[in-house]
Amino acid sequence: MSIYNDDNLLARWQTSVSEKSTPIILPDGCRDLILKTVNNGRPQWHISPLFDQAKTVPLEAHSTFTGFRLKPGTSIAQKQLLNVLEQYEKSIDDISTLLSDFTNIKSTVDEALNCLATEVDSVKQAAQELGVSSRTLQRIIVNNTSKSPTYWILLARARRTARALTTSMPFAELAEIHGYADQSHMNREIKRWFNTTPSAIRATPSIVSQLYSKGYD
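Within any chain, residue numbers begin from 1 and follow the written order of that chain's sequence. Whole-chain, interface and lining totals are the exception, using all residues; otherwise, since this is a predicted model, local features are given only for residues with pLDDT of at least 70 and side-chain atom pairs are given and counted only at 80 or more. With hydrogens and water excluded, all non-hydrogen atoms of the structure serve as input to the side-chain values.

**Student:** In this structure, what is going on with the sheet that holds strand β7 (residues 63–70)? I would like to understand it.
**Tutor:** One open sheet holds the 4 strands; their spatial order is β2-β7-β4-β5, and the pairing between them is antiparallel. The open sheet terminates on both sides in strands that have one partner only, identified here as β2 (9–17) and β5 (44–47). Between one strand axis and the next, the sheet turns through 15° on average, direction left out of account. Relative to β5, strand β4 (residues 32–38) runs antiparallel, the two sharing 4 bridges. Across the sheet, residue K36 finds its bridge partner in β5, namely Q44. Packed on one face of the sheet, helix α1 (residues 78–86) meets β4 and β5 and runs near 165° to β5. In this fold helix α2 (residues 95–102) packs onto β2, β4, β5 and β7, with an angle of close to 45° to the strand it touches most, β7. Being paired, for any two strands, means DSSP has found at least two bridges between them. Going along the chain from the N terminus, every DSSP run of H or I of four or more residues is numbered as a helix, and every run of E of two or more is numbered as a strand. Here an axis means a line fitted to C-alpha atoms, over the contact stretch when the element is a helix, while the angle between two N-to-C directions is reported on a 0 to 180 degree scale. Contacts were defined at the residue level, with two residues in contact if any of their heavy atoms lie within 4.5 Å.

See the structure below:
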């Protein structure tokens, strides 16, 4: 069964840049439909990939971006959607309705991703909680997201940990709370996903802001 409705849309966002910049975009488990305009020129549409780690993205001066963040696990009829948007003349406020025609998320995928986002220790534990075999869980997730269950478990844990880094709690204590072998293990995982250190996350408001935006939690 698939869910065809506005629940596939997790959030809408907008940002503008006046000068060239290369911000860091953190992995959040979501794909975004993004409208870009430069100097009020012709609209350009694209759909972001699922990131495996933080990326720097070059932005042109005088650019405006409007994004429609889709729920993790959402399947997109990408080619058809972009073809329609090339000729789209309605208000951008109607995009959420259009998205319902070109996106869907299977209930089995939604349920599995919700389970993997909890503090499960392994794919085996998640499969047991879902009442399926590990092989079945692997097939459901890989076939519908092109990522493994382990990817989703580790991403959710890294995001939870990174948000917790914004507190004053000692790093060693945070590592233990979030299931890492030790502080060094936590540091390596944070570096792997976000290409920065726990100390840098704690000291960088722009990174903290992204971590608290809607995503895979």
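**Student:** Can you help me understand helix α6 (residues 149–164) in this one?
**Tutor:** One turn of the α-helix equals 3.6 residues, which is why residues spaced by three or four share an orientation. An expected span of 1.5 Å times one less than the residue number is assigned to each helix. Between its terminal C-alpha atoms α6 stretches 23 Å, which fits the 22 Å expected from 16 residues at 1.5 Å a residue. Three labels apply to residues, based on accessible area from a 1.4 Å probe with only protein chains included: buried if under 20% of the type maximum, exposed if over 50%, partly exposed otherwise in between. In terms of burial, α6 is largely enclosed, as 15 of its 16 residues are buried.

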